[in-house]
Amino acid sequence: MKMSFRWYGKDDPVTLEQIRQIPGVVNIVSAVYDVPPGQVWSEKSIQDLCGVIENAGLAFEVVESVPVPESIKLGDENAEACIETYCEIVRRLGKAGVKCICYNFMPVFDWFRSEMARPQADGANALAYEHEAVLAMNPQENEISLPGWDESYTRAELRALLASYEKVTEEDLWSNVERFLKAVVPVAEEVGINMAIHPDDPPWGLFGLPRIITGKENIRRFLKLVDRPANGLTFCTGSLGASKENDLVSMAGEFADRIHFAHLRNVRHTSERSFEEVGHLSACGSFDMYAIVKALVNGGFDGYVRPDHGRMIWGETGRPGYGLYDRALGAAYLNGLFEAVYKEKNVDKGDKK
């Protein structure tokens, strides 16, 4: 297991120097953020990013993310050209030493929350999702401003994009992701990269848009589309665990050998389809984090891990979900869980050292 930490580049208020001081964190998860989806990343921009991270004494082996253009998800007339560009980005990242690419296949919106700073009883604030509040939103009128919302669209462009999805069914989306995988995974294999799809967050459809990476059966189907090790999963407990129907421990054990990247965090369910994000500890929320880590280790997982969304604590302000302090606490907690499980596993094997 390699503990990592997400960093949003030179404009991130959390610095590489601060991240390096978190015990056990050895890898940075980042990306080239100033290139629109569908355009190739220059080799210079990739090398510059590598250099900055390595000069700080950290490794850069995970990219999160290389965005999948909407044309690929729609399967329109520009899809083939976009796939070719995506493959070229993968080649360039492999040349630079990247080992894992996290990406998602969510139409239009990325991860979605209804509140950016819900007050907590201890004085912290956290991200939250209230399903009824989300249902009342009207994305066509641009009434929202959230992390999963691409504000680069004009209102007319967004309306046109949403209209283009009106006839796209879940089966269409499955066909389009299969076309994508059959082109990209062989390229990733050639350059030593594992592709790791991120689950839909939350794992159900929004605003009439289909979502397909939502639970155990769909993940099984996805992995079989191109049944090769390089076609794998980012196991995000917060995303999958937003649905009470998903058994995270069972899923961690079943998919461990195809999980290349794990986002480990906790949430507290507040109703059937509503939740708030909490501290990483099991006692803070609805997940047994120890059992999840044990299932991963016993299943053979040996990939990258990062603490995921954190609360804002100790008066910190910054990018919602991506402050320093709570994620640093999360990294320390997760390192402790993995150490304990590894040592238990050795004892179980008869290693009495």
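Note that this is a predicted model, so its numbers are computed, not measured.

Before going further, it helps to spend a moment on the overall build of the chain. Each helix and strand counted, the chain has twelve helices and twelve strands in total. Expected size for 353 residues packed as a compact globule is a radius of gyration near 20 Å; at 20 Å, the chain falls within 12% of this value. Summarising its shape, the C-alpha atoms of the chain cover approximately 60 × 45 × 40 Å along the three principal directions. Residues classed as buried in the chain amount to 55% of the 353 residues present. Looking at the chain alone, contacts between residues at least 24 apart form 72% of all its contacts between residues at least 6 apart. Surface exposure of the chain reaches about 14,900 Å², of which carbon and sulfur atoms provide 48%. Taken together, the 38 basic and 52 acidic charged side chains of the chain have centroids lying 5 Å from each other.

Read once around its circumference, the closed barrel built from eight strands follows the order β1-β2-β3-β4-β7-β8-β9-β12, with strand pairing classed as parallel. Put simply, the sheet's adjacent strands are angled 30° from each other on average, direction ignored. In the sheet, strand β4 (residues 100–103) pairs with strand β7 (residues 194–197) via four bridges, with the strands oriented parallel. When the bridges of β7 are listed, C102 appears paired with A196. Lying on the sheet, helix α8 (residues 216–225) is in contact with β4, β7 and β8 (231–236); it crosses β8 at an angle near 155°.

Another aspect to go through is the packing of aromatic side chains. Inspection of the entire model under this criterion finds twelve aromatic pairs. Judged by centre distance (5.6 Å) and plane angle (70°), the rings of F112 and F207 are edge-to-face. Here F207 lies in the loop between β7 and α8 and F112 lies in the loop between β4 and β5 (115–119), a separation of 95 residues in the sequence. Three or more aromatic residues joined by ring pairs form one cluster here, namely Y86, Y103, F105 and F180.

Reading guide: rules and limits
- The residue numbering used here restarts from 1 in each chain and proceeds along that chain's sequence as written.
- It should be noted that, the model being predicted, local features are given only for residues of pLDDT at least 70 and side-chain atom pairs only at 80 or more, the latter also being counted only at that level, while totals for whole chains, interfaces and linings use all residues.
- Excluded from the side-chain calculations are hydrogens and water; all other atoms, namely the structure's heavy atoms, are used.
- Strands here mean DSSP runs of E at least two residues long; helices mean DSSP runs of H or I at least four residues long; both are numbered from the N terminus.
- In this description the radius of gyration comes from C-alpha coordinates, and the expected globular size is given by 2.2 Å times residues to the power 0.38.
- Exposure is judged per residue with a 1.4 Å probe applied to protein chains only, and the accessible area is read against the type maximum: over 50% gives exposed, under 20% gives buried, and values in between give partly exposed.
- Contacts are assigned to residue pairs with any non-hydrogen atoms lying within 4.5 Å of each other.
- Here the accessible surface of atoms and residues is derived via Shrake-Rupley with a 1.4 Å probe, and residues count as covered only by protein chains that are part of the display.
- Positive charges come from Lys and Arg alone, negative charges from Asp and Glu alone, with His and the N- and C-terminal ends not counted.
- Lysine's charge is taken at NZ, arginine's at CZ, aspartate's at CG and glutamate's at CD.
- Strands pair, by our definition, only if DSSP identifies at least two bridges between them.
- Every axis in this analysis is a line fitted to C-alpha atoms, fitted for helices over the stretch in contact. Angles between the N-to-C directions lie between 0 and 180 degrees.
- Between the rings of Phe, Tyr and Trp (Trp by its six-membered ring), a pair exists once the centres lie within 6.5 Å; its type follows the angle of the planes, with under 30 degrees stacked, over 60 edge-to-face, and the other angles tilted.

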